[in-house]
Amino acid sequence: ALQNFAEPFVAVLGGAKIDDYLEFMEKVLNSTMDARILTTGLLGILLNYSKGYDFGKKTTDLLKAKGLYELIPRLKELYDRFGNSKLMVPFNFCVADSTDPDNIVYEFMEARNIHNHRHKDNFEIIDISGDNVGVTQYGPILSKAKSILFKGPAGQYEQFLGDGGTLQILRMME
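Model, not experiment: these values are computed from the prediction. (Residues numbered from 1 in each chain as written. Predicted model: local features only at pLDDT ≥ 70, side-chain atom pairs only at ≥ 80, totals over all residues. Heavy atoms only, no water.)

### Remarks on the packing of helix H1 (residues 22-30) against helix H4 (residues 72-82)
Phase 1: Running from N to C, H1 and H4 point in directions that differ by 20 degrees, and their axes come no closer than 11 Å. Comparing their axes, H4 and H1 come out roughly parallel. Helix-helix and strand crossings are classified by hand; for H1 and H4 the assignment is left-handed. The segment H1 lies against H4, with Leu-22, Met-25, Glu-26, Leu-29 and Asn-30 engaging Arg-74, Leu-75, Leu-78, Arg-81 and Phe-82.
Phase 2: Looking at the contact of H1 with H4, its residues break down into six nonpolar, one polar and three charged. (Axes fitted to C-alpha atoms, helices over the stretch in contact; angles between N-to-C directions. Helix = DSSP H or I, 4+ residues; strand = E, 2+ residues; numbered from the N terminus. Parallel < 35°, antiparallel > 145°, perpendicular 65-115°, else oblique. Left-handed = near helix turned anticlockwise from the far one by under 90°. Contact = heavy atoms within 4.5 Å. Nonpolar A, V, L, I, M, F, W, Y, C, P; charged D, E, K, R; others polar.)

This is the structure in structure tokens:
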């Protein structure tokens, strides 16, 4: 029940199990409460796709394999209605570039640069960029929240550099 959350309310939604919270997200966005949703994980990637970005074959294949790619039209409708007012989408990511499999390179890149990169089919999105997204984009919103719901990691925490976004957001919630 949404009335149990003090306002302003912030939901930080990430991880891979988007079906677990998509209905909740829609209720929050359509409510009259002072609330924001900060997206991370696959939800943040899907919302970037709904904005017209393409992060390459590896990411697209992952979204399709998990049955999430079909959610893009639904998320586009939500972003078109609530984007940047109640629904925040990460703009910076940690990317593993496996163009040379013997020398995987990790880079921090903006969504538009991933979309336009000629090697994006070799990219794997590892995490949101903790410093840029966490501090710059999400920090001011989290600092004003009276109640916060945190669901799912911001990145692939089991991979190298995959836990930075999650840790940065958790530090800001202390």
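### A few points about the packing of helix H2 (residues 41-50) against H4
Phase 1: At a closest axis distance of 8 Å, the pairing of H2 and H4 adopts a crossing angle of 80 degrees. It follows that H2 is roughly perpendicular to H4 by the angle criterion. Where H2 approaches H4, its residues Leu-43, Leu-46, Leu-47, Tyr-49 and Ser-50 are matched on the opposing element by Ile-72, Leu-75, Lys-76 and Tyr-79.
Phase 2: A per-class count over the contact of H2 with H4 returns seven nonpolar, one polar and one charged.

### With respect to the layout of surface pockets
Phase 1: In this structure, the largest pocket encloses a volume near 390 Å³.
Phase 2: What lines the largest pocket is a set of 22 residues, and nearest its centre among them are Leu-42, Leu-62, Ile-125, Gly-155 and Gln-156.
Phase 3: At the level of elements, H2, helix H3 (57-65) and strand S6 (123-128) are the ones that each hand at least two residues to the lining of the largest pocket.
Phase 4: The biggest single contributor to the lining of the largest pocket is S6, with six residues.
Phase 5: The class makeup of the residues in the lining of the largest pocket is 12 nonpolar, five polar and five charged. (1 Å grid on protein atoms, 1.4 Å probe; cavity = no way out; pocket = protein on both sides within 12 Å on 5 of 7 lines; lining within 4 Å. Points joined across faces, edges and corners; volume = space filled by probe spheres on them.)

### Details of H3
Phase 1: All buried positions along H3 are accounted for by Thr-59, Thr-60 and Leu-63. Down the axis of H3, the buried set is contained in an arc of 100 degrees. They therefore lie on one face.
Phase 2: Tucked into the core, H3 has its buried residues touching H2 and S6.
Phase 3: The first or second residue beyond H3 is Gly-67, which carries a positive phi of 70 degrees. (Buried < 20%, exposed > 50% of the residue type's maximum accessible area, 1.4 Å probe, protein only. Arc of directions from axis to C-beta.)

Function-wise, these values are silent; they only describe arrangement.
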